[in-house]
Amino acid sequence: MPATKSPSEKRGAPLPRNGHHRPPTTRIVEDVFTDELELLRPRFEADYSIFLQRLWEANPHIHELLKAAPDLETAREHLYEYLDRAERSVFALDNDLHILEKATVREAVRAFRSIIGPINEKRTEFSALDALWKLAQDRPDDLSSEIAPGFLMEFIHLFHGVLGETNIYRESGGVKRGVPEFLRLEGREAATKRMESLDELGSNVRKHFMKYPSGLEPEVIRFRRENRKRILRYFDANEEDWDDYIWHLTHVIRTPEPLADLIELTAEQREAVRIAVKEKVPFGITPYYLSLMDSKLSVGYDHSIRAQVIPPKDYVEMMAEHRRDRDTMFDFMGEHDTSPVDLVTRRYPLICILKPFNTCAQICVYCQRNWEIDGVLDPKALASRKTLQDAFNWLGEHPSIGDVLVTGGDPLVMKDSQFRPILEALASLDHIYRIRVGSRTPVVLPQRFTEGLLALLEEFHQPPKREIAFVTHFEHSYEITPEAMDAVQKVKRLGIGVYNQEVYTVENSRRFESVKLRKDLRSIGVDPYYTFNMKGKEETRSYMVPVARLMQERKEEARLLPGLDRTDEPVFNVPRLGKNHLRSMQDHRVVMILPTGSRVYEFHPWEKNIEPVPPYNYVDVPIYDYLEELARRGENINNYRTIWYYY
Ligand code: SF4
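Residues numbered from 1 in each chain as written. Predicted model: local features only at pLDDT ≥ 70, side-chain atom pairs only at ≥ 80, totals over all residues. Heavy atoms only, no water.

Draft legend 1. Focus on the overall build of the protein. When its secondary structure is counted, the protein shows 27 helices and 14 strands. Counting over 647 residues, the protein shows a buried share of 60%. As displayed, the protein has an accessible area near 26,900 Å², and 52% of this comes from carbon and sulfur atoms. (Helix = DSSP H or I, 4+ residues; strand = E, 2+ residues; numbered from the N terminus. Buried < 20%, exposed > 50% of the residue type's maximum accessible area, 1.4 Å probe, protein only. Areas by Shrake-Rupley, 256 points an atom, 1.4 Å probe, with all protein chains shown as cover.)

Laid out in structure tokens, this is it:
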């Protein structure tokens, strides 16, 4: 595999920044919450001629009607009429497109109508139609914004989509009516034919699996044993120390030297860590987690592991710049507005989050609580007795709550003696029927699962009165090690379920990469629970994956697994609103394509049909940028070509 580079190295220059304080990047426009639309600026300098030629060739009818329209409103009117005809044509008796192509036509028309709707132009403060019209009129100097190739690529695909010429089914034009051969056959003959296509799909999945080894493979175990020896030698420690979680916590790597001495780093990684330490941006890596990294960059299987804890340079610079206003600048979930009392956050009727301990064994770069965490293993991380008591009092006064997620920070970085009173206080409230422990320790500190901790968990796990559930956060198959499996199995033997929340980032989003993770998780006893589309702002932009890719992954990859391997739900944790289930088409829609090629999605709140809560307009990362990044990582972009048709 090629040498691993950090995402920001590969994504080119960082975004330009104002260099002064900016207001929180969420506001209300009209009647929707919206991302700050300035957020993602065009980064491209491109000669558009080839893209433009492809655009107009994709749908000459649209080109002609835009060219002929004397003004924007006429263009809108004629385009609406054209889309009406396109949609009606799929219901015509003489339309011989395949029924699945017709479904894509309807979805493309729906998205297109929404994008040219005046109300969406007003709410997003941009008119894609105006840009298309001026381009068709050959008036590029009149464009209100610089148009990126990603914008044109979106419309090339929409233009094809409304014609039913998507190339989804690997044909040059629209796929015609008909049924595959095996459906024309019967009995054993039909089954034999069917097996051929299933075998082909199955062997394709297995071929992809080879690209993503897990930490359970003998070769990986062998070289990690070498890593462990090297780390122990460096710290003048022994195998007994390695099995002691306190030893790991007292040797968390917080400065550039041990890191650079123990693994090969790129120049940018070195510099980023140096700035992070200097500027007090939370940074830390447990010796155990460090042992999962390949010592040489040329090995390259550890890209996801490195990317989680070694921050990109532009990230640390931005975090440093906003040191003082981090708690408002980076609170993109709007937790300030959903916290009725310190330590508690609540967005749903029966569930709340309790955050008694505000630090972790190591710090994930894309952590959605990066505005709250002051530093790795911060000695002041445990909330005061009074603050905790106030939180418990509040919980006592809210008997509708039944499920409390104890998270942080990572509650299992607390000592057992600090964790016990929290469990006791929650267990004393009869209405709390589930305590969820959210911890990354199985992944970053599996030595934490001592007899003492297990006894504690067992004591409070009292079905059917009260369940302890364990929620962890594996990101990649490469994190699944014999030690992690051992930790999980110890918890499972108590009758406690272990679930995984994956964050979908550029590091685990290649074809079948997350499928492999789910399969490997199941093999050690962890149930996939959620896959989160990543949120964030400029600082973690290089990790973000377009929403369309997660929908595509679910449909074209996860769906190929047995049901027990794909128990997770793909969700987008919408700022201020909470989880939106991405598979529910009725809960989101594309409302604009910005000049950068970013889609703006209108996400509906979970309260839809219950309470009239405003939706949220979310500015996604451009699909084109993401595909560029995959290409830089050696992926064949043609394998992802259907991504444009997930709206
Ligand atoms: S373990 Fe969780 S809370 Fe801690 S830094 Fe990582 S994502 Fe954030």
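There is more to say after this.
Draft legend 2. Structural view of helix H21 (residues 416-427). Taking 1.5 Å per residue as the helical rise, H21 with its 12 residues ought to reach 16 Å, and the 16 Å between its terminal C-alpha atoms agrees with that figure. Taken as a whole, H21 has its buried residues at Phe 419, Ile 422, Leu 423, Ala 425, Leu 426 and Ala 427. The elements touched by buried residues of H21 are strand E4 (351-357), helix H20 (385-396), strand E5 (403-408), strand E6 (434-438), helix H23 (451-460) and strand E7 (467-472). (Expected span 1.5 Å × (residues − 1). Contact = heavy atoms within 4.5 Å.)

Draft legend 3. Just the pairing of strand E8 (residues 498-504), in detail. In terms of residue burial, E8 counts as a mostly covered element, since five of its seven residues are buried. Bridge count between E7 and E8: three bridges; the pairing is parallel. Residue pairing for E8: Val 471 is matched across the bridge by Tyr 499. Judged from the six bridges that link them, E8 and strand E9 (residues 527-533) form a sheet pairing that is parallel. (Pairing = 2+ DSSP bridges.)

Draft legend 4. Broad picture of helix H11 (residues 218-234). Counted at 1.5 Å a residue, the expected span for H11 with its 17 residues is 24 Å, and the 25 Å between its end C-alpha atoms agrees. When H11 is considered as a whole, its buried residues turn out to be Val 220, Phe 223, Arg 224, Asn 227, Arg 228, Ile 231 and Leu 232.

Draft legend 5. Summary view of a nonpolar patch on the surface. Nonpolar side chains collect at one region of the surface, where Met 195, Leu 198, Leu 201 and Leu 560 lie side by side and expose about 330 Å² of accessible area between them. As for its position among the elements, Leu 560 is in the loop between helix H26 (547-556) and strand E10 (569-574). (Patch = residues over 30% accessible without salt bridge, like charges linked within 9 Å, V, L, I, M, F, W, Y side chains within 5 Å. Salt bridge = Lys/Arg side-chain N within 4 Å of Asp/Glu carboxyl O.)

Draft legend 6. Spotlight on the pattern of salt bridges. Within the structure shown, the criterion is met by 43 salt bridges. Of the charged contacts, one joins Arg 228 and Glu 483 as a salt bridge, the two residues approaching to 3.8 Å between their closest N and O atoms. Residue Arg 228 is found in helix H11, and its partner Glu 483 is found in helix H24 (residues 482-492); the two are separated by 255 residues along the sequence. When salt bridges with common partners are traced through the structure, they connect Asp 403, Arg 434, Arg 436 and Glu 467 into a single cluster.

Draft legend 7. Main features of the pairing of E7. Within E7, five of the six residues are buried, leaving the element largely enclosed by the surrounding structure. Bridge count for E6 against E7 is five bridges, and the pairing is parallel. Bridged to Gly 438 within E7 is Val 471.

Draft legend 8. Geometry of the environment of Tyr 301. One can find Tyr 301 in the loop between helix H16 (287-290) and helix H17 (303-309). For Tyr 301 and Pro 213, which are 88 residues apart along the polypeptide, the C-alpha to C-alpha distance reads 7.8 Å.

Draft legend 9. Geometry of the sheet that holds E8. Read from one edge of the open sheet, nine strands run E3-E4-E5-E6-E7-E8-E9-E10-E11, paired in mixed fashion. Of all strands in the sheet, those bounded by a partner on one side alone are strand E3 (344-345) and strand E11 (578-581). Bridging between E10 and E11 involves four bridges; their strand directions are antiparallel. Counterpart to Asn 573 in the pairing with E11 is Lys 579. Strands in contact with H21 are E4, E5, E6 and E7; relative to E6, the strand with the most contacts, it is inclined by about 155°. (Axes fitted to C-alpha atoms, helices over the stretch in contact; angles between N-to-C directions.)

Draft legend 10. Just the packing of aromatic side chains, in detail. Overall, the coordinates contain 20 aromatic pairs when judged by the stated rule. The interplanar angle of 35° and the centroid separation of 6.3 Å between the aromatic rings of Trp 56 and Phe 159 together place this pair among those described as tilted. Here Phe 159 lies in helix H8 (residues 149-163) and Trp 56 lies in helix H2 (residues 49-58), a separation of 103 residues in the sequence. Accessibility classification places Trp 56 together with Phe 159 in one group, the buried group. Arranged with centres 6.0 Å apart and planes meeting at 15°, the rings of Phe 112 and Phe 159 form a pair that is stacked. Here the residue Phe 112 occupies a position in helix H5 (residues 99-115), and Phe 159 occupies one in helix H8, the gap between them amounting to 47 residues. Each member of the pair, Phe 112 as well as Phe 159, is classed as buried. (Phe/Tyr/Trp six-rings, centres within 6.5 Å; stacked < 30°, edge-to-face > 60°.)

Draft legend 11. Structural context of the environment of Tyr 82. As for its placement among the helices and strands, Tyr 82 is situated in helix H4 (residues 72-89). By relative accessible area, which is 8% here, Tyr 82 ends up buried. Discounting chain neighbours no more than four positions away, the residues touching Tyr 82 are Asn 59, His 61, Ile 62, Leu 65, Val 162 and Leu 163.

Draft legend 12. Spatial organisation of the nonpolar core. Counting residues in hydrophobic clusters, the biggest one holds 179 residues, and the most contacted among them are Phe 112, Phe 151, Phe 155, Leu 259, Ile 285 and Leu 426. Residue contributions to this core peak at eight residues, all from H8. Each residue touching Phe 155, except ones within four places of it in the same chain, is listed here: Leu 55, Phe 112, Ile 115, Ala 128, Leu 132 and Ile 593. Membership of the second largest hydrophobic core comes to five residues, among which are Phe 209, Phe 512, Val 515 and Leu 561. (Core = buried A, V, L, I, M, F, W, Y, C linked by side-chain atoms within 4.5 Å.)

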